[in-house]
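# Chain and residue survey
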Amino acid sequence: DSGVTQTPKHLITATGQRVTLRCSPRSGDLSVYWYQQSLDQGLQFLIQYYNGEERAKGNILERFSAQQFPDLHSELNLSSLELGDSALYFCASSVDPGTLANYGYTFGSGTRLTVV
Amino acid sequence: KNQVEQSPQSLIILEGKNCTLQCNYTVSPFSNLRWYKQDTGRGPVSLTIMTFSENTKSNGRYTATLDADTKQSSLHITASQLSDSASYICVVSPNYGQNFVFGPGTRLSVLP
């Protein structure tokens, strides 16, 4: 157990629907990162939050949004889902962005989203 | 553009054999390089981290090397085990505190 908790582990939904993925960071970590990994593809950075505020954006679609709550858990909202959104969605956390060089990320076990 | 390339894309070896995975990067300025192991359907787990001043870092049967001049790194796995079957991802940090650049990974299969 890495200490980063993601729920649900699996999600199957239809095209056009909206889903919410949840991430609880490791205790003491203030920064949360979301990644998308399509089948046999590398990890694609979506968005980062630090202590409740958006810190950096990657290749995140406008149909996707995220937020980090006061208790530091984060949610990734995916709307108007398309077949191509089927992927593994990983959350990672770190103490703070300034310590990435020394401590790096801790990844959760991911949420597998299947859009049918 | 900051990029990380890895080779080979996939590799199949027999249990007990050694193997070496390669990583080339164009990330600049360079802060550190990590190798992650990702089991199928699981989150990546850090194996090693090296700064620009380090040439070699070991973690059990895993040994990573770094040549900051040529911007190349390798991950050597000794006496492979079936549990080594996974994707190995090279990740480079362009600067202190900046988001990492992920390579596409090398998928290793260890057969009995």
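Data block above holds the structure.
So, here's what we can say about the structure. Since the model is a prediction, treat every value here as computed from it, not as a measurement. (Residues numbered from 1 in each chain as written. Chains lettered and ligands numbered in written order. Predicted model: local features only at pLDDT ≥ 70, side-chain atom pairs only at ≥ 80, totals over all residues. Heavy atoms only, no water.)

## Notes on the overall build of chain B
- Of regular secondary structure, chain B possesses zero helices and 11 strands.
- Overall, chain B shows an N-to-C arrangement of helices and strands of β-β-β-β-β-β-β-β-β-β-β.
- Against the globule reference of 13 Å for 112 residues, chain B gives a C-alpha radius of gyration of 13 Å, in line with a compact fold.
- Summarising its shape, the C-alpha atoms of chain B cover approximately 40 × 25 × 20 Å along the three principal directions.
- Looking at chain B residue by residue over its 112 residues, the buried ones come to 45%.
- By sequence separation, contacts in chain B at least 24 residues apart represent 56% of the contacts at least 6 residues apart.
- Of the accessible surface of chain B, which amounts to about 5400 Å², a share of 49% is contributed by carbon and sulfur atoms.
- Distance from the positive charge centre (9 side chains) to the negative charge centre (7 side chains) of chain B: 6 Å. (Helix = DSSP H or I, 4+ residues; strand = E, 2+ residues; numbered from the N terminus. Rg over C-alpha atoms; globule rule 2.2 N^0.38 Å. Buried < 20%, exposed > 50% of the residue type's maximum accessible area, 1.4 Å probe, protein only. Contact = heavy atoms within 4.5 Å. Areas by Shrake-Rupley, 256 points an atom, 1.4 Å probe, with all protein chains shown as cover. Lys, Arg positive; Asp, Glu negative; His and termini not counted. Charge placed at Lys NZ, Arg CZ, Asp CG, Glu CD.)

## Points about the overall build of chain A
- On a plain count of helices and strands, chain A comes out with one helix and 11 strands.
- In chain A, the succession of helices and strands from N to C terminus is β-β-β-β-β-β-β-β-β-α-β-β.
- The C-alpha atoms of chain A give a radius of gyration of 13 Å, which matches the 13 Å a tight globule of 116 residues would have.
- Dimensions of chain A, computed from C-alpha atoms along their principal axes, come out at roughly 40 × 25 × 20 Å.
- Contacts in chain A between residues far apart in sequence, at least 24 positions, make up 57% of those at least 6 positions apart.

## Here we look at the pattern of salt bridges
- Summed over all chains, the structure comprises five salt bridges over all chains.
- As a salt-bridge pair, A:Arg26 and A:Asp29 come within 3.2 Å of each other at their nearest N and O atoms.
- Looking at A:Arg26, the relative accessible area reads 30%, which means it is partly exposed.
- A salt bridge links B:Lys57 to B:Glu54; its shortest N-O distance comes to 3.3 Å.
- Classification of B:Glu54 by relative accessible area gives partly exposed; the value is 25%.
- One network of salt bridges, with partners in common, ties together A:Arg63, A:Glu82 and A:Asp85. (Salt bridge = Lys/Arg side-chain N within 4 Å of Asp/Glu carboxyl O.)

## Examining the sheet that holds strand 1 (residues 4-7) of chain B
Residues and elements named next belong to chain B.
- Taken in spatial order, the five strands line up as 1-3-8-7-6 in an open sheet, and their pairing is antiparallel. Two strands in the sheet have a free side with no partner beyond their single neighbour: strand 1 and strand 6 (56-59). Geometrically, the sheet is characterised by an average inter-axis angle of 15 degrees between neighbouring strands, direction not taken into account. (Pairing = 2+ DSSP bridges. Axes fitted to C-alpha atoms, helices over the stretch in contact; angles between N-to-C directions.)

## Let's talk about the packing of aromatic side chains
- Summed over the entire model, instances satisfying the criterion amount to eight aromatic pairs over all chains.
- With a centroid separation of 4.9 Å and an interplanar angle of 65 degrees, the aromatic rings of A:Tyr35 and B:Phe102 are classed as edge-to-face. In this pair, A:Tyr35 sits in strand 4 (residues 31-37) while B:Phe102 sits in strand 10 (residues 101-102), so the two residues belong to two different chains.
- We classify B:Phe102 as buried; its relative accessible area is 13%.
- Directly above the aromatic system of B:Tyr62 lies the positively charged group of B:Arg61, at a separation of 5.7 Å from the ring centroid. (Phe/Tyr/Trp six-rings, centres within 6.5 Å; stacked < 30°, edge-to-face > 60°. Lys NZ or Arg CZ within 6 Å of the ring centre and 35° of its normal.)

## Quick look at the state of the cysteines
Residues and elements named next belong to chain A.
- Counting across every chain of the model gives two disulfides over all chains.
- Covalent S-S linkage joins Cys23 and Cys91, the inter-sulfur distance amounting to 1.8 Å. Judged by the sign of its S-S torsion, about -55 degrees, the cystine formed by Cys23 and Cys91 is left-handed. In this pair, Cys23 is assigned in strand 3 (residues 19-24) and Cys91 in strand 9 (residues 87-94), connecting sequence segments 68 residues apart. Of the two residues examined, Cys23 and Cys91, each falls in the buried class. (Disulfide = S-S within 2.5 Å.)

## A word on the side chain of A:Ser74
All names here are of chain A.
- Within the secondary structure, Ser74 is located in strand 8 (residues 74-78).
- Residue Ser74 is classed as buried on the basis of its relative accessible area, which comes to 0%.
- Looking at Ser74, its side chain comes within polar contact range of the main-chain oxygen of Gln67, at 2.9 Å.
- Apart from the residues within four sequence positions on either side, Ser74 is in contact with Leu21, Arg22, Cys23, Val32, Trp34, Gln67 and Gln68. (Polar contact = N/O pair within 3.5 Å; in protein donor to acceptor, adjacent residues only side chain to side chain.)

In short, the description is geometric, and any link to function would need to be established separately.
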